[in-house]
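# Per-entry structural report
The lines below spell out each chain.
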Amino acid sequence: MKRILSSLLLVLVATTMMATDVTLTVGKDVTLRVSFLSNDIVRITKTMSGASVAPSLVVIKTPETVKVKQTDKDGIVTLKTDKMAVVVWKSTGTVRFLTKDMRELLCEDAWELQPIKEGADAGLFRAGTRFDLDADEAIYGIGLMENGKLNQRGEHRRMIQSNLEDFQNIFQSLKGYAVFWDNYSPTQLRDTREDGLTFASEVADGIDYYFMLGGSADGNIALIRELTGDVPMLPMWSYGFWQSRERYKSQRELTEVLDRYRAIGVPLDGMILDWQYWDSNYLWNAMEFLNPEFGDAKGMIKHIHDQNAHLAISIWQSFGPMTKPYRDMDERDLLFNFQTWPQSGLSQWPPRKDYPSGVRVYKPYTAEARDIYWNHLKRLFDLGADVWWMDSTDPDHHDFKESDLDEPTALGTFRKVRNAFPLACVQGVYEHQRATTSDKRVMVLTRSGFAGQQRFASNVWTGDVNSNWPTLRNQIPMLLNFSLTGAPHCNTDIGGFFSGSYNHGGPMTGCRNPQFQELYVRWMQFGAFCPMMRSHGTETYREVYHFGKAGEPVYDALADAIRLRYRLIPYIYSTAWDVTHRRGTFMRALWMDFQKDARTHDLKDEFLFGRQLLVAPIVEAQYTQEKLIRTNEMTGWDKKKDDGETPSAAQDFTMPKTIKKYLPAGTQWYDFWTGKAYAGGQDITLTTTLASIPLFVRAGSILPVGDVMQSIPQRDWSTLELRVYPGADGTFTLYEDDGDTYAYEQGAYAEIPMTWKDKGRTLTLGARQGQFPGMLAQRTFRIVLPDGTKKDVTYNGKRQSIKL
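Residues numbered from 1 in each chain as written. Predicted model: local features only at pLDDT ≥ 70, side-chain atom pairs only at ≥ 80, totals over all residues. Heavy atoms only, no water.

## Quick notes on the overall build of the protein
When you go through the protein residue by residue, the secondary structure sums to 11 helices and 47 strands. Relative to the globule expectation of 28 Å for 804 residues, the C-alpha radius of gyration of the protein, 27 Å, shows essentially globular dimensions. Dimensions of the protein along its principal axes, counting C-alpha atoms only, are 80 × 75 × 55 Å. Looking at the protein residue by residue over its 804 residues, the buried ones come to 63%. Summed over all atoms, the accessible surface of the protein reaches about 28,100 Å², with 48% contributed by carbon and sulfur. (Helix = DSSP H or I, 4+ residues; strand = E, 2+ residues; numbered from the N terminus. Rg over C-alpha atoms; globule rule 2.2 N^0.38 Å. Buried < 20%, exposed > 50% of the residue type's maximum accessible area, 1.4 Å probe, protein only. Areas by Shrake-Rupley, 256 points an atom, 1.4 Å probe, with all protein chains shown as cover.)

As structure tokens, then:
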């Protein structure tokens, strides 16, 4: 990073005044602007004089009127609000951020604006800033990175969206602040304890970033949402269990899977249809059922809906040359020319490049392009598709050449807006469906994401990951860091995507391999505590009935994890409301609630799900040898080698094992299964079996638990169990609405506030606030304490207190 020369002068008349925006001149040709959007959010831009920064694709906050006290003394310009101070050094043009009582939080160490003199981006700049972090300062967020780390210090990489990693350009610190680097080009992330953290973007109008002072992780996430957009409610049924596989090759195969789940009594809310329902690669993503194996798509979707289930369908950001969307976009120059998936027109592996598919990615950066996309997608919407599985929103980019990024878009070169590609894609679908109807909530399952995407009902998954234990372990810190960027909905392919190496008995036999069975069970148990519980993968069956039958340990462990998910839906859906209404978070790194406990600062295999449940999944093999699989998103396809490992022998999955887990200090904890109480701040040793999910509840919790149901639309919550955990005061708000429409935005919902006073051992059910069509006027709450105490109370919406 090029340090700004000390000879540069900052021109400013010494004065004391009140202002919201302050513009300074650095030397002869750089304009530095400090813009307060609120008392705790400030924007810093640096441009060459006469230039300006293009409107943000991410930030939607309207600036507030902020009183800022400005002083100029001894070569230092100080700008103070009621929450923070910003200090600019005249000699260097560097900026420092402090608390209102002048305690330093973060400072720029250096910055640069380097003109691009030739090529497609000539006239623009390379822009970067180096932030001076404390040597032991932990940072979190940034995006989805497969590095197995919670604390993201020490990372060095080119940040560019891909199948397996995505970047939000947002980080936050244990010191209580967050930063959003508002740039969409590939960006070098470099961090050393000696030099600090650098963001260096390849194309920019100028330096542009936001500093937020939330004071805590929750405070920072609230400010990130305030800046970039709040999270709409997803359909209630989206929090059920979803079954997928690469791929169901006919409508009969897909509906038979659903029917089989109903027959065996294992809950299921969604079926996912992967690619090629459109037929050949030349018809890639036609957004039509052209494959003869799906000859009655309308009947198929009706059958799914009649079974109280929903359909997610695969749609891509590219089109084959024989499709209607391709023709509409090609004639308007709305298609890129780089190589993408699938490269071959023939559906075989390895791909035949001598038969090119002609598939091209669309340019989603204009309203015109997004209109065309929706006009064709609406065919599927009108048939009754419920969820959009937007694959390849990275997008896939094969035989990569830097010159591919020179291609023009309406917003500049592809390089300039490369990382905002998924944001633009998801935005188009969300906004068009919202404009079409308010009777059906949008849900988008997408492989890639950028900052601000949470406002478009986006649920990002971690890509085509390997089926192995290290990858399972990596998923936890990946999703926790992603959540810390303000994006609450995220998930993973339960079981991992590439699993062909487990097929020692022939194609699709991994479900009988104890190595894969153990891995799949543990991944399913973890998935039960992700915002979306979704099983998916290739080359091995994923449906639970392929893993045995009732009474057998593998099958029972899988079915029990799914049933537990359904018992917790009242808690999960109320947490979803907390995410939308109070800017909360589903998956919470432990330090978010227990920052004073240093053990939590880099604890990578435990987390809170909502504010009450501590999930400590088992992520090491206990019964089989951990299998090492070396593939990526390309080499994993059609893998049949066993990597030289010996197939695992049959295992007794009922044999007890032990595992050690840590309980954070600062509260008492209860074992969810036994009710046993533990003091926090200690490691405990648990006896486990394959069916065990180490799960704890913090003291003071009020946990609503329902009965098992076959699907969420079939729920009967006329009786709900309220588990109360003494040892501290606590509160909980039970939330309900119609579960499927946007009527809640007009106030059609109900909240029941609940309070536990520990000293008096009294649970108060507050007066119900609000109502909605179909609401239960009366229900029974079955109150249960860990010691076995039970009491049934009838609740009709009026306040009542129950002493226990």
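Further notes follow.
## Re the sheet that holds strand β21 (residues 310–315)
With respect to topology, eight strands assemble into an open sheet ordered β29-β28-β27-β24-β21-β20-β19-β30, the strand pairing being parallel. At either margin of the open sheet sits one strand with a lone partner, and together these are β29 (490–491) and β30 (533–535). Where strand β27 (residues 444–446) lies against strand β28 (residues 458–461), three bridges are found, and the strand directions are parallel. Across the sheet, residue Thr-446 finds its bridge partner in β28, namely Val-460. Packing of helix α3 (residues 297–306) onto the sheet brings it into contact with β20 (270–273) and β21, and relative to β21 it is tilted by some 140°. (Pairing = 2+ DSSP bridges. Contact = heavy atoms within 4.5 Å. Axes fitted to C-alpha atoms, helices over the stretch in contact; angles between N-to-C directions.)

## Considering the pairing of strand β12 (residues 139–144)
In terms of burial, β12 is a largely internal element, six of the six residues being buried. In this structure, β12 lies alongside strand β14 (residues 166–173), joined through five bridges in antiparallel fashion. Each residue of the ladder has a partner; that of Leu-144, found in β14, is Asp-166.

## Remarks on the environment of Thr-198
Tracing the chain through its elements places Thr-198 in strand β17 (residues 196–204). Looking at Thr-198, the relative accessible area reads 4%, which means it is buried. Residues Thr-198 and Asp-109, 89 residues apart in the sequence, show an inter-C-alpha distance of 9.5 Å.

## Comments concerning the sheet that holds strand β38 (residues 695–698)
A sheet is described by the order of its strands in space; here six strands give the open sequence β31-β32-β33-β38-β35-β36, paired in antiparallel fashion. The sheet is open, and its two edges are formed by β31 (587–588) and β36 (677–679), each paired on a single side.

## Section: the layout of surface pockets
By volume, the second largest pocket amounts to about 410 Å³. Residue assignment for the lining of the second largest pocket shows that the elements contributing at least two residues are α11 (569–582) and β41 (730–736). At five residues, α11 tops the list of elements feeding residues into the lining of the second largest pocket. When its residues are assigned to classes, the lining of the second largest pocket shows three nonpolar, 10 polar and six charged. (1 Å grid on protein atoms, 1.4 Å probe; cavity = no way out; pocket = protein on both sides within 12 Å on 5 of 7 lines; lining within 4 Å. Points joined across faces, edges and corners; volume = space filled by probe spheres on them. Nonpolar A, V, L, I, M, F, W, Y, C, P; charged D, E, K, R; others polar.)

## Describing the nonpolar core
One broad rule of soluble globular proteins: the nonpolar side chains tend to lie buried together. By size, the foremost hydrophobic cluster in this structure holds 195 residues, and its most contacted members are Tyr-373, Leu-380, Trp-388, Met-524, Phe-529, Met-587 and Phe-781. The dominant element in this core, judged by the number of residues it contributes, is helix α10 (residues 553–567), at nine residues. Leu-32, Val-66, Leu-79 and Tyr-209 belong to the second largest nonpolar core, which has 43 residues in total. (Core = buried A, V, L, I, M, F, W, Y, C linked by side-chain atoms within 4.5 Å.)

## Quick notes on the packing of aromatic side chains
For the coordinates displayed, the defined rule picks out 59 aromatic pairs. Taking 5.6 Å as the distance between ring centres and 5° as the angle between the ring planes, the aromatic pair formed by Phe-338 and Phe-414 counts as stacked. Of this pair, Phe-338 sits in the loop between α4 (324–330) and β23 (360–361) while Phe-414 sits in helix α6 (residues 414–417); the two residues are 76 residues apart in sequence, bridging distant segments of the chain. Taking relative accessible area as the criterion, Phe-414 reaches 0% and is therefore assigned buried. (Phe/Tyr/Trp six-rings, centres within 6.5 Å; stacked < 30°, edge-to-face > 60°.)

## Here we look at unusual backbone geometry
Cis rather than trans, the peptide bond between Glu-246 and Arg-247 has omega equal to 0°. On the secondary structure map, Arg-247 appears in the loop between β19 (241–243) and α2 (251–264). A cis amide bond, omega -10°, links Trp-341 with the succeeding residue Pro-342. Following the sequence through the fold, Pro-342 ends up in the loop between α4 and β23. For Met-508, which is not glycine, the phi torsion reads 65° and is therefore positive. Within the secondary structure, Met-508 is located in the loop between β29 and α9 (514–527). One non-glycine residue, Arg-583, adopts positive backbone phi at about 60°.

## Concerning the pattern of salt bridges
Scanning the model with the defined rule gives 58 salt bridges in all. Glu-155 is the salt-bridge partner of Arg-157, the closest N and O atoms lying 2.6 Å from each other. The pair formed by Arg-157 and Glu-155 is uniform in burial state, with each residue classed as buried. Here Arg-583 ties to Asp-230 by a salt bridge, and the two come within 2.7 Å at their closest N and O atoms. Here Arg-583 is found in the loop between α11 and β31, whereas its partner Asp-230 is found in the loop between α1 (217–228) and β19, with 353 residues between them in sequence. If you follow the salt bridges from partner to partner, you end up with Asp-121, Arg-158, Glu-202, Glu-402, Asp-406 and Arg-415 in one network. (Salt bridge = Lys/Arg side-chain N within 4 Å of Asp/Glu carboxyl O.)

## Observations regarding the environment of Ala-598
Within the element layout of this structure, Ala-598 appears in the loop between β31 and β32 (607–609). Given the relative accessible area of 57%, Ala-598 is considered exposed. In this structure the C-alpha to C-alpha distance between Ala-598 and Ala-665, which are 67 residues apart in sequence, comes to 9.4 Å.

## Points about the confidence of the model for the protein
The pLDDT averaged across the protein works out to 94; a share of 95% of its residues lies at or above 70. Counted against residues more than four places away or in other chains, residues 1–17, with its pLDDT under 50, gives 49 contacts. (pLDDT = per-residue confidence, 0-100.)

## Re empty space enclosed by the protein
Gaps left between atoms are located by rolling a probe of water-molecule size over the structure's atoms. Applying the stated criterion across every chain, the model contains two cavities of 30 Å³ or more. Taken together, the residues of the lining of the second largest cavity sort by class into five nonpolar, six polar and no charged.

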